[in-house]
Amino acid sequence: MELKQLYREIVNEHNLHPVNKKKIDSPDLVMRGVNPSCGDDITLSFKIKDGVIADAGYEGSGCAISQASVDMMVDQIIGKSKDEAIKLAQTFVGMIKGEITDEESIEALDEAAALQDVAHMPARVKCAVLGWHTMQEMLENPEKGEK
Amino acid sequence: MKTLEDFRADFDILSSGEYIYFDNAATSQRPRQVLDAVSEFYKTKNANPLRGLYDFSMAATEEYESARSLVADFIGGVSPEEIIFTRNTTESINLVAYSYGMDNISEGDEIVVTVMEHHSNLLPWQMVARKKGAKLVFLEPDSEGVITRDEYTNKITDRTKLVAIGHVSNVFGVTNPVKEIAAFAHEKGAVVVVDGAQSAPHMKIDVKDLGCDFFAFSGHKMMAPMGIGVLFGKKALLENMSPFLTGGEMIEYVTREDATYAGLPHKFEAGTVNAGDAVGLSRAIDYLSEVGYERIRQQEDKLTALLMEGLKNLPYIKIYGSGDAAKHCGIVTFTMEGVHPHDIASVLNDDKICIRAGHHCAQPLMQFIGAGSTARASVYFYNTEKEVEVFLDKLSKVREVMGY
């Protein structure tokens, strides 16, 4: 997909009308992720119940790709276990780095799979993976978070 | 006489016409003449300079040292001993920080910089301040990007040991009053370091007239190869400074336990030198002189004025720095309401237009102006009015692509 098409068909909707950009009441996990080189700056907050992500949201600002990617990510991981969410993050990052290309794995990402073409835009890889990296770090090393 | 169009034809990357290159403040393009000069050096005179006793090595030495003499003339007729070849501005400033700063700045002293500095003229001073217990003091510009006399006369004091200032800001494009600041700093007994990375490509440099003690610049922003830079330092200061890097080439006599060092400038050029790129720099200086700073300035001012006028017609664009195009040195930094600078740059890249987006290695300035990041278009003499028109047209369509 061409960059402009990617923006028009996928990214803009999530960037301009995000569904998950919200504060979560008394979250169990909070972590901030920053791309210092471009100023993408997000903070994830998750509510965990019995090992499952019961609710999630994010706040922050950044480029359209970083914001849309995290909005799509939150869509995908609510209701998933921590391990499932980590697995999805690995798949997403693998897809963006061009290391995971088989359709079956990528389908698991649902709508976020549409960002696959970012793999051909090296300058934007960091933007696309920011939310996913931050989530994986927060779930694997919760002690490093702000909560 | 060659026209600007003729000069443009010397740049393969430009004359193909495929891309519009508006990131000249990051690095310029290089004309064929410079590339050929480097290639010719390696093809016909390649040997390790300053060492061999055979013809090739002597020829390489000759080329390298005449490049140094040309640079010495180029910045206002200083002595070649005062010209040290480095990799780039960053290395030049680090040399001053380590070899001068660490030995001459003490606890409680103050180092004055501006909040506009490129990281290359900030981090070395942060390092010195941290290690020596000195204090960093920041000069701040007014809303037009200008450091006023009040600002520097208030902050440069008897405690100031060193003033490090960019000649031209790589974000605002504004030319700082370096001459006036240097004169005032000298009254207070401070040494003055000037980062000339953004000025040397665009204006005649005369370090004696500026009155600075050190002046650093890079070849790659003025059509020379990447990896060759210059530090000018006043002889009296350089002579008393210890070497920055030690090793081959910079010695006089070495025993098992000790060494004496070579004289200026070789004391500061350890290891095999970058003679090939020094030759490239020398050719780039000739080329710059052939184009002429007056023509460079005229073309840049014309293009910058067009750019700024066009941007002003887009109500969602904010331009940073002076309202006067002639005070931008070809650099126009802006933001677009609702669109992150990285998205602007990506969309324009799709239209084969190269601009910079991000913090431009000046994060404290971004914090100061309250922008996380900005977009920057920077032109050079080889850019054209047509390119500015295409840029403005494509830019005006970016918000639509972004869903507005």
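Residues numbered from 1 in each chain as written. Chains lettered and ligands numbered in written order. Predicted model: local features only at pLDDT ≥ 70, side-chain atom pairs only at ≥ 80, totals over all residues. Heavy atoms only, no water.

How big an interface is tends to be expressed through the accessible area that disappears when the partners come together. Residues and elements named next belong to chain B. Examined at the domain level, chain B breaks down into domain 1 (4-30 + 293-401) and domain 2 (34-288). At the interface, 36 residues of domain 1 touch 34 residues of domain 2. Run the count over domain 1 and domain 2 and you get zero salt bridges. Our count for the contact surface shared by domain 1 and domain 2 stands at 22 residue pairs in polar contact (both at pLDDT 80 or more). Mapped by element, the contributors of at least two residues to the side of domain 1 that touches domain 2 are α12 (293-312), β12 (331-336) and α14 (363-369). Of the residues forming the side of domain 1 that touches domain 2, the biggest block, six residues, is contributed by α14. Looking at the side of domain 1 that touches domain 2 residue by residue, the class counts come to 19 nonpolar, 11 polar and six charged. (Domains from an automatic or database assignment. Contact = heavy atoms within 4.5 Å. Salt bridge = Lys/Arg side-chain N within 4 Å of Asp/Glu carboxyl O. Polar contact = N/O pair within 3.5 Å; in protein donor to acceptor, adjacent residues only side chain to side chain. Helix = DSSP H or I, 4+ residues; strand = E, 2+ residues; numbered from the N terminus. Nonpolar A, V, L, I, M, F, W, Y, C, P; charged D, E, K, R; others polar.)

Residue and element names in this part refer to chain A. Here we have three strands laid out as an open sheet, ordered β1-β2-β3, and antiparallel in their pairing. Bordering the open sheet on either side are β1 (29-35) and β3 (52-61), each of which pairs with just one other strand. On average, each strand axis in the sheet is tilted by 20 degrees relative to the strand beside it, whichever way the strands run. Strand direction decides the pairing type here: β1 and strand β2 (residues 40-49), joined by seven bridges, are antiparallel. By the bridge assignment for β2, Leu29 is matched with Phe46. (Pairing = 2+ DSSP bridges. Axes fitted to C-alpha atoms, helices over the stretch in contact; angles between N-to-C directions.)

What follows is about a negative patch on the surface. On the surface, a cluster of negative charge is made up of Glu13, Asp75, Asp110 and Glu111 of chain A. Checked against the element boundaries, Glu13 of chain A lands in helix α1 (residues 3-16). (Patch = residues over 30% accessible without salt bridge, like charges linked within 9 Å, V, L, I, M, F, W, Y side chains within 5 Å. Areas by Shrake-Rupley, 256 points an atom, 1.4 Å probe, with all protein chains shown as cover. Lys, Arg positive; Asp, Glu negative; His and termini not counted. Charge placed at Lys NZ, Arg CZ, Asp CG, Glu CD.)

Moving on, we come to α1 of chain A. With 14 residues, α1 of chain A ought to run about 20 Å at 1.5 Å a step, yet its terminal C-alpha atoms sit only 17 Å apart, falling short of that. Of all the bends in α1 of chain A, the greatest, near 50 degrees, is centred on Ile10 of chain A. Of the residues making up α1 of chain A, those classed as buried are Leu3, Lys4, Leu6, Tyr7, Ile10, Val11, Asn12, His14 and Asn15 of chain A. Buried residues along α1 of chain A sit against α2 (64-77) of chain A together with α13 (341-350) and α16 (398-401) of chain B. (Expected span 1.5 Å × (residues − 1). Bend = angle between axes of the 7 residues up to and from the residue. Buried < 20%, exposed > 50% of the residue type's maximum accessible area, 1.4 Å probe, protein only.)

One way to say it: the disulfide is the covalent bond shared by the sulfur atoms of two cysteines. Enumeration over the complete set of coordinates arrives at zero disulfides over all chains. The closest cysteine sulfur to the non-disulfide-bonded Cys212 of chain B is located on Cys329 of chain B, 16 Å from its own sulfur. (Disulfide = S-S within 2.5 Å.)

Turning our eyes to something else, we now look at the packing of α1 of chain A against α13 of chain B. Taken N-terminus to C-terminus, the directions of α1 of chain A and α13 of chain B make an angle of 130 degrees; their axes are 9 Å apart at the nearest point. As summarised for this structure, α1 of chain A and α13 of chain B are arranged oblique, according to the angle between their axes. Contacts between α1 of chain A and α13 of chain B involve Leu3, Lys4 and Tyr7 of chain A from the first element and Asp343, Ser346, Val347 and Asp350 of chain B from the second. (Parallel < 35°, antiparallel > 145°, perpendicular 65-115°, else oblique.)

Below, the discussion takes up the packing of helix α3 (residues 82-96) of chain A against helix α5 (residues 125-140) of chain A. All names here are of chain A. Running from N to C, α3 and α5 cross one another at 155 degrees; their axes reach a closest spacing of 9 Å. When the axis of α3 is compared with that of α5, the two are roughly antiparallel. Both α3 and α5 take part in a crossing whose hand is left-handed. Each of Lys82, Ala85, Ile86, Leu88, Ala89, Gln90, Phe92, Val93 and Ile96 in α3 lies in contact with α5, whose residues at this interface are Val125, Ala128, Val129, Trp132, His133, Met135, Gln136, Leu139 and Glu140. Taken together, the residues of the contact of α3 with α5 sort by class into 13 nonpolar, three polar and two charged. (Left-handed = near helix turned anticlockwise from the far one by under 90°.)

Attention now goes to the pairing of strand β2 (residues 83-86) of chain B. Residues and elements named next belong to chain B. Judged by which residues are buried, β2 turns out to be covered on both faces: Ile83 and Phe85 on one side and Ile84 and Thr86 on the other are all buried. Sheet analysis places β2 next to strand β8 (residues 229-233), joined by four bridges and oriented antiparallel. Across the sheet, the residue bridging to Ile83 is Phe232, located in β8.

Contacts between the two partners involve 16 residues from chain B and, on the opposite side, 17 residues from chain A. Surface buried jointly by chain B and chain A totals about 1,400 Å² across both partners, of which 50% is contributed by carbon and sulfur atoms. For the pair chain B and chain A, the interface holds three salt bridges. For Lys4 of chain A, the salt bridge is made with Asp351 of chain B, and the minimal N-O distance between the two is 2.6 Å. Scanning the region where chain B abuts chain A turns up eight residue pairs in polar contact (both at pLDDT 80 or more). Only α13 and α16 of chain B provide two or more residues apiece to the side of chain B that touches chain A. Considered class by class, the residues forming the side of chain B that touches chain A number four nonpolar, eight polar and four charged. (Buried area = accessible area lost by both parts, 1.4 Å probe.)

With that settled, consider helix α3 (residues 32-44) of chain B. Residues and elements named next belong to chain B. End to end, α3 covers 18 Å across 13 residues, agreeing with the expected 18 Å (1.5 Å per residue, within 8%). Those residues of α3 that fall on the buried side of the exposure criterion are Val34, Ala37, Val38 and Phe41. Viewed along the axis of α3, the buried residues span an arc of 95 degrees, placing them on a single side of the element. Those residues of α3 that are buried are in contact with α4 (55-74) and α11 (275-291). (Arc of directions from axis to C-beta.)

Take the environment of Leu95 of chain B next. Residues and elements named next belong to chain B. Examined against the element boundaries, Leu95 turns out to sit in helix α5 (residues 89-104). The exposure class of Leu95 is buried, given its relative accessible area of 1%. Measuring from C-alpha to C-alpha, the distance between Leu95 and Leu231 comes to 8.5 Å, with 136 residues separating the pair along the chain. Discounting chain neighbours no more than four positions away, the residues touching Leu95 are Ile84, Thr86, Tyr100, Leu231, Met241, Phe244 and Phe268.

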